[in-house]
Amino acid sequence: MFHVSFRYIFGIPPLILVLLPVASSDCEIEGKSGEEYQHVIMVSLNDLDRIRENDSNCLNNEPNFFKKHSCDDDKEATFLKTAARKLKQFLKMNIHEEFKLHLSIVSQGTLKLLNCTRKDKEKKQPSLGEVQPTKNLEEKKSSKGQKKQDEMCFLMILLEKIKTCWNKILSGTKEH
Amino acid sequence: MTILGIAFGIVFCLLRVVSGESGYAQNGDLEDAEPDYSFSCYSQLEVNGSQHLLRCAFDDPDVNSTHLGFEICDGLLVAGCLNFIKLQEIYFIETNKFLLIGDSKICVKLGQRILTCRKMNIVHIVKPEAPFDVRVIYREEANDFVVTFNTSHLQKKYVKNLIHEVAYHQEKNEHDWMHVNLSSTKLTLLQRKLQPDAMYEIKVRSIPTDYYKGFWSEWSPSFHFRTPEAKGPGKMEPVLLIISILSFFSVAVMVILAGVLWKKRIKPIVWPSLPDHKKTLEQLCKKPKKNLTVSFNPESFLDCQIHKVDGIQARDEVESFLQDTFPAQLEESEKQRLGGGVQCPNWPSKHAVITPKTFRGDASLRCLAGNVSVCGTPVLPSSRSPECREGGKNGPHVYQGLLLGPGTTNATLHPPFPFQSEILTLNPAAQGQLLLTPLGSNQEEAYVTMSSFYQNQ
């Protein structure tokens, strides 16, 4: 009996303390009123859709990135943070300046509104090619143009996911 | 202890004096005071495509800004800070690197040393562009003025929702301004709320609303307009006046016509009178002339040309034909014998109509009887009209003619009665409307019938 109580006293609490940071989100969404999103971020998202509306030759298969990261309940902030950081990778691509500008607004505006307290070092994000490991073999075979097309398709899906997740957050805020 | 306390007190006072002297200025002694580097800024979004403008200036115009500069940090799409550009006493920066979310820090620096900073949110210090193209249109039919203007923010993506303020006044009243706030770019001013025949000045400015906040824009260029003169209380539109006069006269004419034609035309149609059978009958049957002789005495019809009829024939045609072919007296004599010439309008065509062929047979018989004048003279039947009655006065002449027919002095004429009876026999289906009954026992009866008919009138 005595050894059992020691187990519960000294075993479980440390376990809880270790797991708590993992379960909890380190970001607090500040823009829940929706004003910043509606008047700034959504304007850029609409402009990005307008710029890319002519190029919609994308396959319907969902990249692996979204299988790992999704806007689940209580994980919206985490997803948005990951997605916003992912957007930054596209700024290095050779794309139009106006396109880059709106990508920056969406990325940094999202991070600004999330107000993540834990400033962990940004992990080296896997390159765009590694996001879809199943396609590593295909990249060798496809041309650069196809690669760029795939990246743009991934970008459009990513932007759509960000918009959906924001709408989910704001609609949940209105219900409360 | 006492000495120790005194020593601490002295040290404390010295410290206070020293610290106060370093930045203390009183009663205008500003020789060692730092200048006031307070400043104010405003932003204008999308002034040049996607480029935004941020403009700052010192509140104190006497500040020596020779080596001073401005910089903005935070709230940018790029890491680090952006420096302002100096233009005379104004500092500005035109860039599209504003995040438009969160606060930014704007600092005054002297070289690399930061003098003062202020935290500002770019979207809360927005100053819209001034409206333009202000116009006023007078609507006579509505008695109002429509004020319209334009603003460049209608085509912008960020600062789209604005509150516009319209200010107008009578030019002679310099400080008596009227203000109206609206969110659209159209305003209606009622004419009755303005002075007639007066000159007005009007201008517009804007301020952002909703998420973007800030300051009033500059006033738009003024527009001047004159209100029309007041209309007289009894003045009417000429068209309306003409229409009203015409309507009055039309109504008056209709009333007069209705009064005049009421009895004759309108009332019989609106309130038709039920027919009276007695009066209707009187109207149908024409009254004979008073001088008309009505009699069943054959002598009354001597002057009357009586023709037998076979079907419906024109009297004139028959008379002319008979005059050409037969002696007038012979016609009359035959008619006398027939006794069927005088008749009323309801004389049926088949009534006592004898074909010539039949009649010739009779004539031949008469010839055998010694009536030479009658021979060879067929008589064509003809119908007689009621006008025959009018020739009743000539009746005796007819008979005389008959008697004095050529070559007939020795001829004897059978009295018409047998022929009448023959005629009647030949047409046993004669209708009861036969008015000329044999002048025998039925004479009085027929006479009574005729007289009673006229008595009923």
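Residues numbered from 1 in each chain as written. Chains lettered and ligands numbered in written order. Predicted model: local features only at pLDDT ≥ 70, side-chain atom pairs only at ≥ 80, totals over all residues. Heavy atoms only, no water.

Trainee: Before we go on, may I ask you to explain the overall build of chain A in this structure?
Mentor: Across its full length, chain A holds 9 helices and 0 strands. Counting helices and strands in the order they occur from the N terminus, chain A gives α-α-α-α-α-α-α-α-α. Expressed as a percentage of its 176 residues, the buried residues of chain A come to 39%. Restricting the contact set of chain A to residue pairs at least 6 apart, pairs at least 24 apart contribute 85%. (Helix = DSSP H or I, 4+ residues; strand = E, 2+ residues; numbered from the N terminus. Buried < 20%, exposed > 50% of the residue type's maximum accessible area, 1.4 Å probe, protein only. Contact = heavy atoms within 4.5 Å.)

Trainee: How should the sheet that holds strand β13 (residues 186-190) of chain B be read in this particular structure?
Mentor: Strand-to-strand pairing in sheets goes through backbone hydrogen bonds, with the strands running parallel or antiparallel. Residue and element names in this part refer to chain B. Here 3 strands make up an open sheet; going across it, the order is β9-β10-β13 and the pairing antiparallel. Strands at the two margins of the open sheet, each flanked by one partner only, are β9 (132-139) and β13. Taken pair by pair, the neighbouring strands of this sheet meet at an average axis angle of 20 degrees, ignoring direction. Taken together, the 6 bridges between β9 and strand β10 (residues 144-150) define a ladder with antiparallel strand orientation. Along β10, the bridge assignment pairs I137 with V146. (Pairing = 2+ DSSP bridges. Axes fitted to C-alpha atoms, helices over the stretch in contact; angles between N-to-C directions.)

Trainee: Would you mind showing me how to read the sheet that holds strand β12 (residues 178-182) of chain B here?
Mentor: Residues and elements named next belong to chain B. Sheet architecture is open: 4 strands sit in the order β12-β11-β14-β15, paired in antiparallel fashion. Each edge of the open sheet is held by one strand with a lone partner, namely β12 and β15 (223-226). Going from strand to strand, the sheet's axes swing by 25 degrees on average, the running direction of each strand aside.

Trainee: Would you mind showing me how to read a nonpolar patch on the surface here?
Mentor: A cluster of nonpolar side chains, namely B:V253, B:I256, B:L257, B:V260 and B:L261, defines an oily patch on the protein surface of about 450 Å² accessible area. Note that B:L261 resides in the loop between α2 (238-260) and α3 (262-270). (Patch = residues over 30% accessible without salt bridge, like charges linked within 9 Å, V, L, I, M, F, W, Y side chains within 5 Å. Areas by Shrake-Rupley, 256 points an atom, 1.4 Å probe, with all protein chains shown as cover. Salt bridge = Lys/Arg side-chain N within 4 Å of Asp/Glu carboxyl O.)

Trainee: What am I meant to see in the interface of chain A and chain B here?
Mentor: A common way to state how big an interface is: give the accessible area lost once the parts meet. Opposite the 16 residues of chain A that make contact, chain B presents 14 residues. Across the chain A/chain B interface, buried area totals approximately 1300 Å², and carbon plus sulfur atoms make up 67% of it. At the junction of chain A and chain B, the tally comes to 1 salt bridge. Two residues, B:K157 and A:D47, come together in a salt bridge whose shortest N-O distance is 2.7 Å. Here chain A and chain B share 3 residue pairs in polar contact (both at pLDDT 80 or more) between them. (Buried area = accessible area lost by both parts, 1.4 Å probe. Polar contact = N/O pair within 3.5 Å; in protein donor to acceptor, adjacent residues only side chain to side chain.)

Trainee: Which parts of the structure should I look at to understand the state of the cysteines?
Mentor: In the structure shown here, the tally under the stated rule is 4 disulfides over all chains. Disulfide partner of A:C71: A:C165, at an S-S distance of 1.9 Å. On the sign convention where negative means left-handed, the S-S torsion of about 75 degrees between A:C71 and A:C165 marks this disulfide as right-handed. Of this pair, A:C71 sits in the loop between α4 (65-68) and α5 (76-90) while A:C165 is found in helix α9 (residues 144-175), placing the two residues 94 residues apart along the sequence. You can call A:C165 buried: its relative accessible area is 1%. B:C41 shares a disulfide with B:C56; S-S distance 1.8 Å. (Disulfide = S-S within 2.5 Å.)

Trainee: Which parts of the structure should I look at to understand the pairing of strand β2 (residues 51-58) of chain B?
Mentor: In regular strands, side chains alternate between the two faces of the sheet. Residues and elements named next belong to chain B. Burial runs high along β2: 6 of the 8 residues are buried. In this sheet, β2 lies alongside strand β1 (residues 39-48) in antiparallel orientation, the contact comprising 7 bridges. Paired with S40 across the two strands is A57, which belongs to β2. The loop that links β1 with its antiparallel partner β2 comprises 2 residues; one of these, G49, has a positive phi angle of about 70 degrees.

Trainee: So what exactly am I meant to see when it comes to helix α6 (residues 97-114) of chain A here?
Mentor: Three- or four-residue spacings in an α-helix give side chains the same orientation, since the helix completes a turn every 3.6 residues. Residue and element names in this part refer to chain A. For α6, built from 18 residues, the straight-helix expectation of 26 Å at 1.5 Å per residue is met to within 8% by its first-to-last C-alpha distance of 26 Å. Turning to α6, its buried residues are F99, L101, H102, L103, S104, I105, V106, S107, G109, T110, L113 and L114. Downstream of α6 by one or two residues, N115 has phi in the positive range, about 50 degrees. (Expected span 1.5 Å × (residues − 1).)

Trainee: Would you explain the side chain of B:K156 in this entry?
Mentor: Residues and elements named next belong to chain B. Mapped onto the fold, K156 is located in the loop between β10 and β11 (162-170). At a separation of 2.7 Å, a polar atom in the side chain of K156 contacts the main-chain carbonyl oxygen of E46. Discounting chain neighbours no more than four positions away, the residues touching K156 are L45, E46, V47 and E129.

Trainee: Looking at this structure, how should I read the UniProt feature "transmembrane region" (unreviewed entry) in chain B?
Mentor: Here the UniProt feature "transmembrane region" (unreviewed entry) sits at residues 239-262 of chain B. The straight-line gap between the two end C-alpha atoms of residues 239-262 of chain B is 34 Å; of that span, 96% is helix and 0% is strand. (UniProt positions renumbered as here; feature names shortened; annotations may be inferred.)

Trainee: Before we go on, may I ask you to explain the pattern of salt bridges in this structure?
Mentor: Opposite charge on two side chains permits them to pair, given that their charged atoms come into close proximity. Enumeration according to the criterion identifies 13 salt bridges over all chains in this entry. Across the pair A:D73 and A:K168 runs a salt bridge whose closest N-O atoms are separated by 2.7 Å. Taken as a pair, A:D73 in the loop between α4 and α5 and A:K168 in helix α9 lie far apart in primary sequence, 95 residues in all. Residue classification places A:D73 among the exposed residues on the basis of a relative accessible area of 55%. Given the relative accessible area of 29%, A:K168 is considered partly exposed. B:E218 serves as the salt-bridge partner of B:K127, at 2.7 Å between the closest nitrogen and oxygen. Note that B:K127 is positioned in the loop between β8 (113-120) and β9 and B:E218 in the loop between β14 (199-208) and β15, a separation of 91 residues in sequence.

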